[in-house]
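Chain by chain, the residues run as shown.
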Amino acid sequence: MSKETHTRLIKEKAYDLGFSFCGVAKAEYLADQAPRLEKWLKAGMHGEMAYLADNFDKRLDPRKLFPGTKSVVSLLYNYYTNLKPQNHRAPRVSLYAYGKDYHRVLKKKLALLLDHIRNEIGDVSGRAFVDSAPILERAWAARSGLGWLGKNATLINRQQGSFFFLSELLLDLELEYDRPGGDFCADCRLCIDACPTGAIVEPHVIDARKCISYVTIESKGDIPPELAGRLGNWLFGCDICQEVCPFNQQAIPHQEPQFAPRPELLRMTANQWREMTEVQFKELFQGSVVKRTGYDGLKRNLAFLKRESAEDG
C-alpha cells in the first residue's frame with residue numbers, strides 16, 4: 001500500500017473511533033518552538049510545574065522520545081457540552097472535567113487505533129500519548145493542519161473551536177503529511193481582555209502562576225491573596241478565554257457518553273459544595289480528573305471562593 005493509502009486508513013479508523021479531526025506531520029526538530037519554550041521557562045511562568053522544564057530536547061524532537069519515529073499523528077476529541085450547573089451561583093468546574101478521566105478514555109481508543117494500524121499495514125512500531133509525555137501537543141496539531149495556536153495558547157480549529165482533547169501517535173511509518181493552516185485570530189483580543197487575572201501576558205504567552213486553571217489545580221500552596229475577587233466562581237479549572245472566543249460559537253456538543261456530566265454534579269448548590277465530605281468527594285468524582293486536586297485542594301479552593309463571596313456581599 002502507498003503512503004496515501006496508509007494515511008487514509010489511519011484517518012478513517014480515527015473517525016470511526018469518535019475523533020473529530022486527525023492530521024499528520026513529519027517527525028522533526030521543532031526549531032521555531034525552542035526559543036519560545038526556553039524564554040518561557042527562564043521567566044518561571046511554569047510555576048510549580050517543574051516537570052515542564054525536564055526533557056527539553058525530547059519536547060522539541062519526538063524522535064528522541066521514541067527513536068525511529070517518522071510521523072506524528074495528531075488527533076482531536078470533542079468534549080464540548082452546552083449543559084451547565086442549574087444553580088448559576090454554584091461553583092463551576094471546567095467542561096473538560098465533567099465526565100470520566102479523558103486520559104483513560106482516549107488511551108483505550110488510541111490502543112485500538114494502533115492495533116488497527118498493525119493489523120492492516122503490518123509490523124509498525126508506535127507509541128500513543130494523551131497529555132502524558134514531553135510532547136508539544138498543540139504545536140504538532142498545528143503542524144498537522146488541525147488549527148492554530150490562539151492568543152490564549154489553545155489550539156483553535158476553524159470549524160469547531162477549541163474544546164478538544166489532544167492526543168498523538170508516534171509511528172515509525174512514513175505517511176502523507178498535511179500542511180499547516182493559517183492563523184485567523186487577526187486583531188481579536190477577546191480572550192486577553194476577558195482573563196480576570198491577566199494570565200495572558202502577551203499573545204500566545206500564558207503566565208501559569210496567574211492562570212485560574214493552574215491556581216485551582218496545579219498549585220499546591222495557598223492561593224495568592226492578590227487574586228482575591230478575580231476567581232469568580234471557578235472551583236476547578238477555567239473556561240473564560242474559550243467561552244469568549246468567536247470560533248467556539250461553532251462548537252458542537254460531543255456525543256461521547258463517557259464525557260457526559262453526572263446529573264448530581266449539575267444540580268449541586270453552593271452550600272452542597274461547601275458541605276461536601278471526603279466520602280462524597282470520592283464518590284462524586286470517582287474516575288474523574290477532578291481528583292487531581294484532591295479533597296484538601298478542593299476545600300482550599302472553596303474556602304477562597306467563600307471569602308470572595310463574603311467580600312462581594
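Each value, and the rule that gives it
- Residues numbered from 1 in each chain as written.
- Predicted model: local features only at pLDDT ≥ 70, side-chain atom pairs only at ≥ 80, totals over all residues.
- Heavy atoms only, no water.
- Helix = DSSP H or I, 4+ residues; strand = E, 2+ residues; numbered from the N terminus.
- Rg over C-alpha atoms; globule rule 2.2 N^0.38 Å.
- Buried < 20%, exposed > 50% of the residue type's maximum accessible area, 1.4 Å probe, protein only.
- Contact = heavy atoms within 4.5 Å.
- Areas by Shrake-Rupley, 256 points an atom, 1.4 Å probe, with all protein chains shown as cover.
- Lys, Arg positive; Asp, Glu negative; His and termini not counted.
- Charge placed at Lys NZ, Arg CZ, Asp CG, Glu CD.
- Phe/Tyr/Trp six-rings, centres within 6.5 Å; stacked < 30°, edge-to-face > 60°.
- Arc of directions from axis to C-beta.
- Core = buried A, V, L, I, M, F, W, Y, C linked by side-chain atoms within 4.5 Å.

J.: Quick rundown of the overall build of the protein? Include the residues and the values.
T.: Within the protein, the regular secondary structure consists of 13 helices and ten strands. Relative to its length of 313 residues, the protein is compact, with a C-alpha radius of gyration of 20 Å against a globular reference of 20 Å. Across its three principal axes, the protein shows a C-alpha extent of roughly 65 × 40 × 35 Å. Per-residue burial over the protein gives 51% buried out of 313 residues. Of all intrachain contacts in the protein linking residues separated by at least 6 positions in sequence, the fraction that spans at least 24 positions is 77%. A total accessible area of about 15300 Å² is found for the protein, and carbon and sulfur atoms account for 49% of it. Side-chain charges in the protein split into 43 positive and 40 negative, and the spacing between the mean points of these groups amounts to 1 Å.

J.: Mind laying out the packing of aromatic side chains, listing which residues take part and the relevant values?
T.: The tally for this structure, following the rule as stated, stands at 16 aromatic pairs. Taken together, a centroid distance of 5.2 Å and an interplanar angle of 45° make the contact between Tyr80 and Phe163 tilted. Here Tyr80 is found in the loop between strand 2 (71-78) and strand 3 (92-93), whereas its partner Phe163 is found in the loop between strand 6 (155-156) and strand 7 (164-171), with 83 residues between them in sequence. When its relative accessible area of 16% is taken as the criterion, Tyr80 is described as buried.

J.: Which residues make up helix 2 (residues 34-42), and what values go with them?
T.: Buried within helix 2 we find Ala34, Leu37 and Leu41. Projected down its long axis, helix 2 shows its buried positions confined to an angular sector of 70°, all on one face. Every exposed residue of helix 2 that faces more than 90 degrees away from the buried side is listed here: Pro35, Arg36, Lys39 and Lys42. The secondary structure elements touched by the buried residues of helix 2 are helix 3 (56-60).

J.: I'd like a rundown of the nonpolar core, residues and numbers included.
T.: Of all hydrophobic cores here, the largest spans 81 residues; its most connected members are Val73, Leu171 and Trp273. Looking at which element gives the most residues to this core, the answer is helix 5 (residues 102-121), with seven residues. With residues up to four places along the chain from it excluded, the contact list for Trp273 reads Ala90, Pro91, Val93, Leu235, Leu265, Met268, Phe285, Leu298 and Leu302. Within the second largest apolar cluster, eight residues are counted, among which are Phe21, Ala141, Ala142 and Leu146.

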